[in-house]
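# Understanding the architecture of this molecule
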Amino acid sequence: MQKQTGKSGGSGGGTPAKRGRPIGSATGAGAAALAAAAAVGDPGAPAALVGPSLQVLSALSDQNNKRIVLALQSGLKSEILWALNALTVLSFKEKDDARRDTTSLAKVPGLLDALLQVIDEWRDIAMPKDHLKPPRVRTLGANTTLSGFGQENMEKVYSDDATTSNDQSKTEEPSVTKKRSASFLFDEDGLFNNDDEGRAERQQCAIAASNIIRNFSFMPENETVMVQHRHCLETVFQCLEDQNREDDELVTNMLETLVNLAPVLDLRIFSSSKPSFIKMTEKGAVHAIMGMLSSSVKPWHCAAAELIGRLIINPDNEPFLLPVIPQIYKRLVDLLSVPAYDAQAAAVSALYNVAEVNMDCRLKLASERWAVDRLLKIVKTPHPVPEVCRKTSMILESLVSEPQNRMHLLVHENTFAEILTTEGKYSDTFARILYELTARPSNKGIGGQAIWGNIN
């Protein structure tokens, strides 16, 4: 970060431009002055410093914290852009960056609410017309000639041009004038609607705000604040629910935010006594997750699979996820057959946690068609990530621990023996699997023919 010094000049041999900054932005006295202006929070700084090149003090004082919140709430374009740029820089951190000063939401009261307000303003104008409230029926003066509300002129057609009806030469021109009914004056989207440029600006601000919220979710000190903020979680799940109508980048940011918060997230917050801004229930949240899991977009269904695996670790979330376990298993088994390695890793990670919930989950997974076959294929191929192969072996071992699953697994006994002799890393696990299949007696009295003798 450049700091303003008392020297007014600069030599020709300046420091090279850093990653993400335009060439020449770090040289010369003019660049130092512009960086200093941005460092003190000057909203009138040139456009060359917008984005990654914006210089912001990492240690904000209480006065600057309040200014950022007020700027987001002001509704002024320049103030909102300044605040979003400042927060983007403050919330971003490289993997190797060991910064001690992180922006904690607990230290900035109202910041999360202000960011959600930016997103809500965009969603209010982006929502399709059929989702808006119907127009109010005006009944006052309906039986009189002049109602006072202009209803007697509702059927008239008005032109945007100021030409009279006697002007025949104007109507004969090839350019057709815009004509609309007088009812557009009472339309909520008619008189004071945003033009395309205004909508695009609000959309970009909403995406920037969602990116900041996503960055904040990576910081452990912000997890408690965000998972206890009902409005934040309702906005996140509603964006996932509207994946077909919402901006793709906004949905991706919200999904990644949820994945980061999933280990400490309790879905019971939607039935708590905390004030609700959007009607969202536990069932609606699970439905939104299932919609992302069934999506054809690879980053979305991979993140949704990882999200389910993290959510079900919390026993309080089990009652809401167990009713859709059959649909979850079916989709996760489908992802196991996808050629993409990251999709297979996400499915295995989710199955590893879901299979440990209870016996019923293990029975349903073993009875799912192609489940065992595709799990074995990941180990035999093998998957390039050893941890994925290890978790797959552990899933198979948990399945064989249930006596009712033996008949589903006995048909793969040859494959188990082959992996035992060829894959040294997982030989111990598959030795235990073969022992469970062949040596231990069945408590349910299930008989079958195995390679090494009868099983009683």
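Labelled according to an unreviewed UniProt entry, the protein chain appears under the name SWI/SNF-like complex subunit BAF250 C-terminal domain-containing protein, originating from Digitaria exilis. Turning to the protein chain, the UniProt record has this under Subcellular location (unreviewed entry): "Nucleus".

### Regarding the overall build of the protein chain
Scanning the protein chain from terminus to terminus reveals 20 helices and four strands. Every one of the 456 residues in the protein chain was classed for burial, and the buried ones make up 40%. Residue pairs in contact within the protein chain that sit at least 24 positions apart in sequence constitute 68% of those at least 6 positions apart. Summing over all exposed atoms, the protein chain offers an accessible surface of approximately 25,200 Å²; the carbon and sulfur share of this is 53%.

### So, unusual backbone geometry
The omega torsion of the bond from Thr 381 to Pro 382 falls at -15°, within 30 degrees of zero and hence cis. Looking at where Pro 382 falls in the secondary structure, it is placed in the loop between α16 (371-380) and α17 (386-400). If you check the backbone angles, Trp 370 has positive phi at about 70° while not being a glycine. In this structure, Trp 370 sits in the loop between α15 (359-367) and α16.

### Thoughts on the confidence of the model for the protein chain
Interpretation of the predicted coordinates at a detailed level should be avoided for regions scoring low in pLDDT. Taken over all residues, the pLDDT of the protein chain has a mean of 75, while the share at 70 or more is 65%. Note on residues 157-192: pLDDT under 50 across the span, and 32 contacts to partners over four residues away in sequence or across chains. Segment residues 443-456 is flagged for pLDDT under 50; beyond a separation of four residues in sequence, or across chains, it makes 26 contacts in the model.

### Topic: the UniProt feature "domain: SWI/SNF-like complex subunit BAF250 C-terminal" (unreviewed entry) in the protein chain
As annotated by UniProt and renumbered to match this structure, "domain: SWI/SNF-like complex subunit BAF250 C-terminal" (unreviewed entry) occupies residues 205-235. The distance from the first to the last C-alpha atom of residues 205-235 is 16 Å, and the span holds 77% helix and 0% strand.

### Side note on helix α14 (residues 341-354)
Compared with an ideal rise of 1.5 Å per residue, which puts 14 residues at 20 Å, α14 spans 20 Å between its outermost C-alpha atoms and is within 8% of the ideal. Along α14, the residues classified as buried are Ala 343, Gln 344, Ala 346, Ala 347, Val 348, Ala 350, Leu 351 and Val 354. Of the surrounding secondary structure, the elements contacted by the buried residues of α14 are α11 (298-311), α13 (325-336), α15, α16 and α17.

### Things to note about the packing of aromatic side chains
In the structure shown here, the tally under the stated rule is two aromatic pairs. A centroid spacing of 5.5 Å and a plane angle of 80° characterise the contact between Phe 237 and Phe 270, whose relative ring orientation is edge-to-face. Of this pair, Phe 237 sits in helix α8 (residues 230-241) while Phe 270 sits in the loop between α9 (248-261) and α10 (282-293), and the two are 33 residues apart along the sequence. For Phe 270, a relative accessible area of 5% gives the class buried. Between Arg 67 and the ring centre of Trp 82, over which it is positioned, the NZ or CZ distance is 4.3 Å.

Reading the values: rules and limits
Residues numbered from 1 in each chain as written. Predicted model: local features only at pLDDT ≥ 70, side-chain atom pairs only at ≥ 80, totals over all residues. Heavy atoms only, no water. UniProt positions renumbered as here; feature names shortened; annotations may be inferred. Helix = DSSP H or I, 4+ residues; strand = E, 2+ residues; numbered from the N terminus. Buried < 20%, exposed > 50% of the residue type's maximum accessible area, 1.4 Å probe, protein only. Contact = heavy atoms within 4.5 Å. Areas by Shrake-Rupley, 256 points an atom, 1.4 Å probe, with all protein chains shown as cover. pLDDT = per-residue confidence, 0-100. Expected span 1.5 Å × (residues − 1). Phe/Tyr/Trp six-rings, centres within 6.5 Å; stacked < 30°, edge-to-face > 60°. Lys NZ or Arg CZ within 6 Å of the ring centre and 35° of its normal.

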